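# Structural characterization, general
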Amino acid sequence: MPSRLYELKNEVEIFLQKQKQDKLYEAFREEEFQHSLAYLVDFFEAINNINLKLQGRNTNIIAHSDVIRAFTEKIHLWKRKVEVGNFSSFSHLNEL
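These lines cover the structure that appears in this document, whether it is placed above or below.

Cut-offs applied
Residues numbered from 1 in each chain as written. Predicted model: local features only at pLDDT ≥ 70, side-chain atom pairs only at ≥ 80, totals over all residues. Heavy atoms only, no water. Helix = DSSP H or I, 4+ residues; strand = E, 2+ residues; numbered from the N terminus. Rg over C-alpha atoms; globule rule 2.2 N^0.38 Å. Buried < 20%, exposed > 50% of the residue type's maximum accessible area, 1.4 Å probe, protein only. Contact = heavy atoms within 4.5 Å. Axes fitted to C-alpha atoms, helices over the stretch in contact; angles between N-to-C directions. Parallel < 35°, antiparallel > 145°, perpendicular 65-115°, else oblique. Left-handed = near helix turned anticlockwise from the far one by under 90°. Patch = residues over 30% accessible without salt bridge, like charges linked within 9 Å, V, L, I, M, F, W, Y side chains within 5 Å. Areas by Shrake-Rupley, 256 points an atom, 1.4 Å probe, with all protein chains shown as cover. Salt bridge = Lys/Arg side-chain N within 4 Å of Asp/Glu carboxyl O.

## Looking at the overall build of the protein chain
Each helix and strand counted, the protein chain has six helices and zero strands in total. Beginning at the N terminus, the succession of helices and strands in the protein chain can be written as α-α-α-α-α-α. Scaling as 2.2 N^0.38, a compact globule of 96 residues should have a C-alpha radius of gyration of about 12 Å, whereas the protein chain reaches 17 Å, well beyond that. Along the longest, intermediate and shortest principal axes, the C-alpha atoms of the protein chain span 55 × 35 × 20 Å. Within the protein chain, the fraction of its 96 residues that count as buried is 21%. Of the contacts formed within the protein chain by residues at least 6 apart in sequence, a portion of 53% connects residues at least 24 apart.

What follows is the structure in structure tokens.
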């Protein structure tokens, strides 16, 4: 999971440095990579939440349809916010 890698990013940097993996260490420390990793963590958290909402005994196709429709609308909202530089919907990315 990207979230575990994100949680351990400092330890991963130390490990890569100790293993003398200079290219990988430098790539891991790049700002663009850190932002991509944070974005993936946030996005996969959202996907996992959708997955949990779609499971269970007391659900039906109408409820599933509503959950999926709401999520697709949320994606469109995220896109509009990101286009104007607002990353508040992405907690991990926003803290960078």
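## What to know about the packing of helix α4 (residues 31-53) against helix α5 (residues 61-83)
It is at 10 Å that the axes of α4 and α5 come closest, and there the two elements cross at 165°. Taken together, the axes of α4 and α5 are roughly antiparallel relative to one another. The two elements α4 and α5 meet at a crossing, and its hand is right-handed. In contact with Phe43, Ala46, Ile47, Ile50 and Lys53 of α4, α5 contributes Val67, Phe71 and Trp78.

## Notes on a nonpolar patch on the surface
A contiguous nonpolar patch, built from Met1, Tyr39, Leu40, Phe44 and Ile47 and spanning about 450 Å² of accessible area, is present on the exposed surface. One can find Tyr39 in helix α4.

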